[in-house]
Amino acid sequence: MTASIETTTAATQAPTTGTTPVVGAGEEFARLHPTALEVGPNVRNEVVTESPSFRNLVASIIEHGVLQTISAVRDGETVTVIDGQQRTLAAIEAGAESVPVLIRTAASKAKDREIERLTQQVVANDRRIGLTEGQRAKAVTDMLELGLSVPRIAKAVQVKRETVKAAGAAGRSQTAICALDAGQLTLDQAAIVAVFDAEGDTAAVEKLLGVARYDFRWTAQRLLEDRAVRKARAAAGAPYVERGLTVLEEEPAYGGPYLRADDLVTVDGDAVTDAVIEAAAGHWAVWLSKEDQFTLTATGAVIEEDSIDWDTEGDPEATPDEGLHHHKDITAAEVWVPEYFTADPDGAGVKPGPILAAALAEPAADVDPADAEAVARAAEQKRLAAEAAAKEAERAARRRTKALNVASPAATVVRKEFVSKFLTRKTLPKGAAKWITDTLVDEPGLLTQNKASQYLAELLGVTVAEPTTTLYGDWKERAARDALAPVIDKASDSRAQVIALAQILAAYEARMSGTGKDWWKRVGGSNQDNYLGLLAEQGYELTPVEQVAAGAMTPEQAYDALREESVTD
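Source: prediction; values computed, not measured.

1. Overview of the overall build of the chain
In terms of helices and strands, the chain carries 21 helices and 14 strands. Looking at the chain as a whole, 37% of its 569 residues are labelled buried. About 31,600 Å² of surface is accessible on the chain, with carbon and sulfur atoms providing 53% of the total.

Shown next, in the form of structure tokens:
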């Protein structure tokens, strides 16, 4: 029954050297065809040959052969596997020509043979110590540095390419490796930490290692976007630095040492102009914030956003409503808008204007009603103080809006990632069918608006080809539907139901993130709470900005929450 290709036997414990296998007394090493082995009883009483781990083992043997020697006993002409049951079966399926086998002589008594088999199989399985996740990641990193491509590594170690990329990134950071091995981070999270660690951003690394796991992705995305904004702000601030001004990294808070130029006047009582600031640049600071700016393409004239007929977007032949501009005639861009501050009014040659002076002054003491002039002064001070309070309330609302607008893109990225992963499922989750029915009864036209097909293609990972000729009208929607058609055709009935759910989620997502950074503002009939509520039921943790959209938080509460979990602390 045996068909030995190569055999080494030994009668003593003396090891051999070189490439010859080391064997002990009563042992022999052989390379045998896997079908020559008898797969006998095993404490692992079932091998699921369709399981991912078994399929990966087959793929590994096809690629590398059997790397770990199979342990067996010989009883006459029969060689029975003791340790290596799955390797043997997988080698047969892989069509391996030979496998390495270390063969011992079986005990003479059947009872002793059975005791030996059970003992060895339990011990062999219990004492295997696998690689840690960190060790695997470091190995992948080393392979990448040796020049192996991601596809080659993925094939060699039987993992997805995305896993190789994540492992390759994580393995470059000892901090990430340690957190991975400690179970503190997943592989994807470790890869993100490694990016910040490689750039020496210890504050970001500490922040990420300290957040709750469900907050990790949201915090990481905010850190990534905050870093990009800071770099862009520093670049935009370079001309101001050359003029002698200080570029602020944070917007000054009301009541702090910095006073706004808008609230100040010169010592002569005149408005603070660019010339005044330029003359004492060393005493001034500038805060730069990004704002959307719309201009007429033909003239460069700045226009208001609400003067644009947004219904004309994508349709050059459309006629805009009276008094409004066609979308094709405008250019949109984000620009850095400066706001000037000083912490040294005397050095800057300025003083508080009447409104700020009234806000800073002590309230008027009891005034004699008979003193008309004093009564008038007190009334004016009260009026100016109220005006100052209203002005600051308006600025506070603007700060909240800006903060939520800044936070919304990060939330969109994380939410889309969750939805895309959620939609890879093959069957609907419990309760989803009823949710679909309720939603479509409530909003029968939901799927025909908001560029839903384009967002559906994005969430399902379907590539939409760009047209080779100029098309008018809603050609992007038509192109998306064309790309989706074969995906739907190939879907099983249960998968098609998931795609139906995906259509609704895509329409809601288009309604939200497709409208700009201020999607968090609750608009009548938007039903954002229906969409976000379903995601929350499926395990998605709503961010503060999303809780405003869902009606679970006020903008004020969300702003406070964002400040409490500031990524720049």
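2. Here we look at helix H10 (residues 213-242)
Between its terminal C-alpha atoms H10 stretches 43 Å, which fits the 44 Å expected from 30 residues at 1.5 Å a residue. Bending of H10 peaks at approximately 35° at the position of Ala 236, with proline Pro 239 no more than four residues after it. By the burial criterion, the buried members of H10 are Phe 216, Trp 218, Thr 219, Ala 220, Gln 221, Arg 222, Leu 223, Arg 227, Arg 233, Gly 237 and Tyr 240. Within two residues after H10, Gly 244 carries a phi angle of roughly 100°, on the positive side.

3. Considering the pattern of salt bridges
Per the stated rule, a full pass over the model turns up 33 salt bridges. Here Glu 249 makes a salt bridge to Arg 230, at a shortest N to O gap of 3.7 Å. In this pair, Glu 249 is assigned in the loop between strand S6 (246-247) and strand S7 (259-260) and Arg 230 in helix H10, connecting sequence segments 19 residues apart. Each of Glu 251, Arg 260, Glu 291, Glu 339, Arg 398 and Lys 402 takes part in salt bridges that share partners, so that together they form one network.

4. Quick word on the pairing of strand S13 (residues 330-342)
Pairing of S7 with S13 involves 2 bridges; the strand directions are antiparallel. Bridge pairing in S13 links Leu 259 to Thr 342. Two elements, strand S9 (residues 285-296) and S13, share 12 bridges in a ladder whose sense is antiparallel. In the strand pairing of S13, Thr 295 is matched with Thr 331.

5. Considering the nonpolar core
It is characteristic of soluble globular proteins that their nonpolar side chains tend to be buried jointly. Ranked by size, the top nonpolar core spans 48 residues in total, and within it Leu 423, Trp 435, Leu 460, Leu 501, Leu 505, Tyr 531 and Leu 532 carry the most contacts. Counting residues per element, the ones that place at least two in this core are helix H14 (372-422), helix H15 (432-442), helix H16 (452-460), helix H17 (475-490), helix H18 (493-513), helix H19 (528-537), helix H20 (544-549) and helix H21 (555-564). Discounting residues that sit within four places of it in the chain, Leu 501 has contacts with Phe 422, Leu 428, Pro 429, Ala 432, Trp 435, Ile 436 and Leu 534. Core analysis: the second largest hydrophobic core is formed by 26 residues, Ile 153, Leu 185, Ala 191 and Ile 192 among them.

6. What about the packing of aromatic side chains?
The tally for this structure, following the rule as stated, stands at 5 aromatic pairs. Judged by centre distance (5.1 Å) and plane angle (45°), the ring pair of Phe 418 and Tyr 540 falls under tilted. On the criterion of sequence distance, the pair formed by Phe 418 in helix H14 and Tyr 540 in the loop between H19 and H20 is long-range, its members being 122 residues apart. With a centroid separation of 6.3 Å and 55° between ring planes, the pair formed by Trp 435 and Tyr 508 is classed as tilted.

7. Let's talk about the pairing of S9
As paired strands, S6 and S9 are joined by 2 bridges and run parallel to one another. Within the sheet, the bridge partner assigned to Thr 246 lies in S9 and is Ala 285. In this structure, S9 lies alongside strand S10 (residues 302-303), joined through 2 bridges in antiparallel fashion. Within the sheet, the bridge partner assigned to Thr 295 lies in S10 and is Val 302. Between S9 and S10, which pair antiparallel one after the other, the connecting turn spans 5 residues, and Gly 300 there sits at a positive phi close to 80°.

8. Thoughts on the side chain of Glu 477
Its location among the elements puts Glu 477 in helix H17. Residue Glu 477 is classed as buried on the basis of its relative accessible area, which comes to 5%. The contacts of Glu 477, once residues within four sequence positions are left out, are Lys 451, Ala 452, Ser 453 and Gln 454.

9. Comments concerning a negative patch on the surface
A contiguous patch of negative charge, built from Asp 292, Glu 304, Glu 305 and Asp 306, is present on the exposed surface. Within the secondary structure, Glu 305 sits in the loop between S10 and strand S11 (308-309). Take Glu 305: its relative accessible area is 44%, and that puts it in the partly exposed class.

10. A word on the environment of Gln 538
Mapped onto the fold, Gln 538 is located in the loop between H19 and H20. In this structure Gln 538 comes out as partly exposed when scored by relative accessible area, which is 25%.

11. Some details on the confidence of the model for the chain
Residues with a pLDDT of 70 or more make up 89% of the chain, whose mean pLDDT is 85. Of all the helices and strands in the chain, strand S1 (residues 6-10) carries the lowest mean pLDDT, 41, while S6 carries the highest, 96. Under a pLDDT of 50 for its full length, residues 1-20 has, in the predicted model, 47 contacts with residues more than four places off or in other chains.

Cut-offs applied
- Residues numbered from 1 in each chain as written.
- Predicted model: local features only at pLDDT ≥ 70, side-chain atom pairs only at ≥ 80, totals over all residues.
- Heavy atoms only, no water.
- Helix = DSSP H or I, 4+ residues; strand = E, 2+ residues; numbered from the N terminus.
- Buried < 20%, exposed > 50% of the residue type's maximum accessible area, 1.4 Å probe, protein only.
- Areas by Shrake-Rupley, 256 points an atom, 1.4 Å probe, with all protein chains shown as cover.
- Expected span 1.5 Å × (residues − 1).
- Bend = angle between axes of the 7 residues up to and from the residue.
- Salt bridge = Lys/Arg side-chain N within 4 Å of Asp/Glu carboxyl O.
- Pairing = 2+ DSSP bridges.
- Core = buried A, V, L, I, M, F, W, Y, C linked by side-chain atoms within 4.5 Å.
- Contact = heavy atoms within 4.5 Å.
- Phe/Tyr/Trp six-rings, centres within 6.5 Å; stacked < 30°, edge-to-face > 60°.
- Patch = residues over 30% accessible without salt bridge, like charges linked within 9 Å, V, L, I, M, F, W, Y side chains within 5 Å.
- Lys, Arg positive; Asp, Glu negative; His and termini not counted.
- Charge placed at Lys NZ, Arg CZ, Asp CG, Glu CD.
- pLDDT = per-residue confidence, 0-100.

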